[in-house]
Amino acid sequence: MTINTSGRLAPTGYSPPRVSWEGFLAWREGTVQAEWVDGEIIEMAPASAVHQRLGGFLHAFLRAFIEHHGLGEILYAPFLMRLSFRPSGREPDLLFVATLHADRVKETYLDGPADLVVEIVSPESEARDRREKFLEYELAGIPEYWLIDVPRQEALFYVLDAEGRYQPAPLSDDGIYASTVLAGLQLRVDWLWQRPLPSLDAALADLPPV
């Protein structure tokens, strides 16, 4: 959905005026869920309960690991990530910023690429997450991209190769993904489809020793 700067829905065929990054931040005021792409404001659909629960589980799991090892910071939507080459201001579901890049974290957005991004696919976001964001994140040099599709029960993990192209990363024989960016982190993919989701303690206890 594209909107103009007054917040009204744009009619079919309407080309909205370009909005600067500063204008977008002023319009958004840190609370509206929206992205900024090529000077246009794109409103995000409300997240479902399943989306919220899964995002909360992954945030807790990743945060526990990141804080225990002092690796950096995990942030979540509606926190923005500004990428300069397109330009765009995306709103990943989760993003990890390594300590080395802590200076990129501003008050309401990340000024530059994250070190790891997680997107939870919804029907409204499928094309955006699988194609547009995939290419943007790859070109921006984000080292690791997780794409979690609950309806399909599909979890895809991509890691940049030496040429800066995303390559699919495999799971172990018992369905565990070992992160490249977060060395030592193991995620059992079957957790993501459980209802209810496992508690953090149960998830950590379920992992094999590293």
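Residues numbered from 1 in each chain as written. Predicted model: local features only at pLDDT ≥ 70, side-chain atom pairs only at ≥ 80, totals over all residues. Heavy atoms only, no water.

## Some details on helix H1 (residues 21-28)
What H1 keeps buried is the set Trp-21, Phe-24 and Arg-28. When H1 is viewed along its axis, its buried side chains cluster within an angular range of 60° and face the same direction. Across H1 from its buried face, at more than 90 degrees, point the exposed residues Glu-22 and Ala-26. Residues of H1 that are buried sit in contact with strand E2 (34-37), strand E3 (40-43), strand E5 (80-83), strand E6 (88-90) and strand E8 (109-111). Of the residues flanking the end of H1, it is Glu-29, one or two places downstream, whose phi is positive at about 55°. (Buried < 20%, exposed > 50% of the residue type's maximum accessible area, 1.4 Å probe, protein only. Helix = DSSP H or I, 4+ residues; strand = E, 2+ residues; numbered from the N terminus. Arc of directions from axis to C-beta. Contact = heavy atoms within 4.5 Å.)

## Some thoughts on helix H2 (residues 49-69)
Taking 1.5 Å of rise per residue, 21 residues should cover 30 Å, and H2 covers 30 Å from first to last C-alpha, within 8% of that figure. Where H2 is concerned, the buried positions are His-51, Leu-54, Gly-55, Phe-57, Leu-58, His-59, Phe-61, Leu-62, Phe-65 and Ile-66. Those residues of H2 that are buried are in contact with strand E4 (72-76), strand E7 (94-98), strand E9 (116-121), strand E10 (144-149), strand E14 (186-188) and helix H4 (200-206). Residue Gly-70 follows H2 closely and has a positive phi angle near 60°. (Expected span 1.5 Å × (residues − 1).)

Purely geometric stuff here, so don't read any function into it on its own.
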